[in-house]
Amino acid sequence: MKKIAVLGSTGSIGTQTLDVVDKEGDIEVLALTAHSNIELLERQIRKYRPRTVSVNLPEKAAELKVRVADTDTKVLSGPEGVVECAAMPGVDMVVTAIVGIAGLDATLAAIEAGKDIALANKETLVTAGDIVMPLSKECGVGIVPVDSEHSAIFQSISNQKRFLKRIIITASGGPFFGMKREELADKTRFDALKHPNWTMGAKITIDSATLVNKGLEIIEAKHLFGLDVDRITPVVHRESIIHSMVEFSDGSVIGQLGVPDMRLPIAYALTYPMRKAPVSEPLDLVKVGKLTFYDIDNETFPAVELAKKAAKIGGTMPAVLNGANEEAVAAFLRDGCKFIEITELIGRAMEAHRPVLSPTVDDIKAADAEAREFVRASLNK
Ligand code: NAD
Ligand code: MG
């Protein structure tokens, strides 16, 4: 039995992870964490009987403690509770499905405790990849990506890393593909939340509409696969069937295909290096009919260029890109910011920032806080 902790078990990746657990049958859940959804967490406790859970909001944790008093599950709270779940003795692998830089401390704690990581929380690598990757090597920890593109790249590279020339990372293009900047001006959160191919948490769905998600993923890939961002080429692929490709020194291009279903890369990460029975529908290429590819429209969607710039500057700059984005997306989701302002604010926050070049975790958190404050102040003007 593989023993896992799922951080962010009430979210899109978290619930799909538990769906994979149900299908695999030989995975035991020792810990679960959530921000505030204690109704769902209670159902998960009664089904999976974890040893420990943690709820971020203390008042919700207190309420849950009363509700599950008849079980053996211990209820913790706050960020310290998540860290305790991440480093829990007996856990083999931690699934990091928390959204945002909020997942950083727990991921670091899990690595320090020697846990293998099934990494969904890309913001951890974007903000602190230069700390996380060396630490994982030092601690002998394996990081298997859950993000579909990175799972595809990981699978395509296989054991041929030394021949890797370039990564071709695919992007669906999101709901506003083909539109020009003027057409984006009046887009609301309802328009932006309609993703063509994937059902995901609200934040990443907005990131997919702005293409910030692809920018974050390019930085994520840089850290995971040790490649300069100029060797990571994004390409719009509307059908989301090829999840990404790699080009080797001889010009051969290898990709991984599958239906757009996150349970596939989640199952791969949980069972790696094994492959088990399918967890989703088989791919029917005749039904798909055709696969299409387009360049990114960098004028309408400046996010990819901003992310590459942040990655090249390095240090605390990617944390500023990420923090400004998290704050702007949160504002957009409560109608406090226009769609096109999201990337404008990221660009301006980056311009205002003086990067620390070999940052500590505290420097990264300070840069994140500075970027958030910059966005709040800009929106309140
Ligand atoms: P989500 O919003 O659906 O779920 C987020 C989870 O994190 C929830 O369980 C929530 O309770 C918890 N959480 C939120 N804020 C927290 C905080 N401050 N402290 C502790 N816990 C907190 O998000 P999601 O779509 O599942 O995405 C999770 C991560 O996976 C993100 O980093 C995202 O980029 C990545 N990812 C998601 C998908 C997808 O299909 N949903 C695909 C690839 C990568
Ligand atoms: Mg992805």
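Residues numbered from 1 in each chain as written. Chains lettered and ligands numbered in written order. Predicted model: local features only at pLDDT ≥ 70, side-chain atom pairs only at ≥ 80, totals over all residues. Heavy atoms only, no water.

**A few points about the layout of surface pockets**
Threshold: Using a grid of 1 Å spacing that covers the protein atoms alone, one calls a set of points a cavity when a 1.4 Å probe fits there but cannot get out, and a pocket when the set is open and has protein on both sides within 12 Å along at least five of seven lines; lining residues are those with an atom within 4 Å of a point. Grid points are joined across faces, edges and corners, and a volume is the space filled by probe spheres set on the points. A helix here means a DSSP run of H or I that spans at least four residues, while a strand means a run of E at least two residues long, and both kinds are numbered starting from the N terminus. An automatic or database domain assignment provides the domain bounds reported here.
Of the voids in this model, the second largest pocket is the one considered here, and its volume is about 520 Å³. If you go around the second largest pocket, you meet 25 residues; those closest to its centre are Ile-143, Phe-154, Leu-224, Phe-225 and Tyr-272. For the lining of the second largest pocket, the secondary structure elements donating two or more residues are α6 (122–138), β7 (143–145), α7 (148–157), α11 (212–225) and α12 (263–271). Each of domain 1 (2–145) and domain 2 (152–261 + 289–301) contributes no fewer than three residues to the lining of the second largest pocket.

**Side note on the site of ligand 1**
Inclusion rule: Here a residue counts as near a molecule or strand whenever at least one of its heavy atoms sits within 4 Å of it. In protein, a polar contact requires one atom able to donate a hydrogen and another able to accept it; more generally it is a pair of N or O atoms within 3.5 Å, and residues adjacent in sequence count only if both atoms are side-chain atoms. Accessible surface area values rest on a Shrake-Rupley calculation with a 1.4 Å probe, where residue burial reflects the displayed protein chains alone.
Ligand 1 sits among 22 residues. The nearest are Thr-10, Ser-12, Ile-13, His-35 and Glu-123. Separating an oxygen atom of ligand 1 from a backbone N or O atom of Ala-120 is a distance of 3.4 Å. Within the backbone of Gly-201, one N or O atom sits 2.9 Å away from an oxygen atom of ligand 1. Relative to its unbound accessible surface of 820 Å², ligand 1 loses 87% to contact with the protein. Mapped by element, the contributors of at least two residues to the shell around ligand 1 are α1 (12–24) and α6.

**Re the sheet that holds strand β10 (residues 242–248)**
Definition in use: We call two strands paired when DSSP finds no fewer than two bridges between them. With axes taken as lines fitted to C-alpha atoms, and helix axes fitted only over the stretch in contact, angles between N-to-C directions fall between 0 and 180 degrees. Residue contacts follow a heavy-atom distance rule, with two residues in contact if any of their heavy atoms lie within 4.5 Å.
If you walk across this open sheet you meet the 4 strands as β9-β8-β10-β11, and the pairing is mixed. Of all strands in the sheet, those with a lone pairing partner are β9 (232–236) and β11 (253–257), marking the two edges. Here the strands of the sheet are splayed against their neighbours by 20° on average, with no regard to which way each runs. As defined by bridge partners, strand β8 (residues 164–171) adjoins β10 across 4 bridges and the pair is classed as antiparallel. Looking at β10, one finds that Leu-164 is bridged to Phe-248. Across the sheet, α11 is in contact with β8 and β9; its angle to β8 comes to roughly 150°.

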